[in-house]
Amino acid sequence: MLIRRETPADVATVRAVHTAAFAAADGPDDVPVEAGLVDALRADDGWLPALSLVATDADGQVVGHVVGTRGTVAGAPVAIGLGPLGVLPAWQRRGVGSALMHAVLGAADALDEPLVVLLGHPEYYPRFGFGPAVELGVTPPGPWGPRFFMARPMSAWRPDIRGEFAYAKPFGDL
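Residues numbered from 1 in each chain as written. Predicted model: local features only at pLDDT ≥ 70, side-chain atom pairs only at ≥ 80, totals over all residues. Heavy atoms only, no water.

### Structural notes on the packing of helix H1 (residues 11–21) against helix H2 (residues 33–42)
At a minimum axis separation of 8 Å, H1 and H2 run at an interaxial angle of 145°. Contacts from Val11, Val14, Arg15, His18 and Thr19 of H1 reach H2 at Glu34, Ala35, Gly36, Val38, Asp39 and Arg42. Residues that form the contact of H1 with H2 fall into these classes: four nonpolar, three polar and four charged. (Axes fitted to C-alpha atoms, helices over the stretch in contact; angles between N-to-C directions. Helix = DSSP H or I, 4+ residues; strand = E, 2+ residues; numbered from the N terminus. Contact = heavy atoms within 4.5 Å. Nonpolar A, V, L, I, M, F, W, Y, C, P; charged D, E, K, R; others polar.)

### Quick look at the pairing of strand S9 (residues 163–166)
The pairing of strand S3 (residues 62–73) with S9 spans two bridges and is antiparallel. Across the sheet, the residue bridging to Val73 is Phe165, located in S9. (Pairing = 2+ DSSP bridges.)

### Overview of H2
When we look at burial in H2, the residues that qualify are Ala35, Leu37, Val38 and Leu41. Along the long axis of H2, the arc covered by the buried residues comes to 160°, so they all point the same way. Contact partners of the buried residues in H2: H1, strand S2 (47–56), S3, strand S4 (76–87) and helix H4 (169–172). (Buried < 20%, exposed > 50% of the residue type's maximum accessible area, 1.4 Å probe, protein only. Arc of directions from axis to C-beta.)

Quick look at the structure:
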C-alpha cells in the first residue's frame, strides 16, 4: 500500500470509495452524504490539498481516502477538521484506515497545524492520540455532544487555543 496526495485524476475514484465505504445496507443505491461532502469540501475555501490523501494498492488503484479541511476555534484558523475517512469494504480491517490516519496526522503536524479534531468513536480514536476536545477547552459545534467530539493537539499546540470549533462550511450544510 502507498499513501499519496489526491490528484485531479482521483476525484471520481475517491467519490466511489466513499460511496462504497458508507453505503447503507437498506439503500445501497443511495449516495451517502460522505461522498457528496468530499465533493463540496473540494470546492470550499477550507480545502487543503496537502491534507487530501489516498491509499493505493500494489496496482495503483485507490482503496481509501482521508481529508482534513480548515476549521476554526473561536473564529481563528488554528485547527483541522478530519474526515471523512473511507476505505473500500474489501480493504477494511487491513490497516488502510490506520495508515491514512497516521499519514494525515503527520502531514498536519509537518504543516504546523496546532490541532486536529474529529467526530468519531471514543473507543477507536484514542489509539491515534485523540481525546475529548473539551479537555483542551475546545467545544463542539452544533448538535454534537462532547463524547464523540475529539481532538489531538499537535506539536504547534498552544493552550490559549480555546473556544467553539467550526468545521468548513460544507459540514454545516449537512
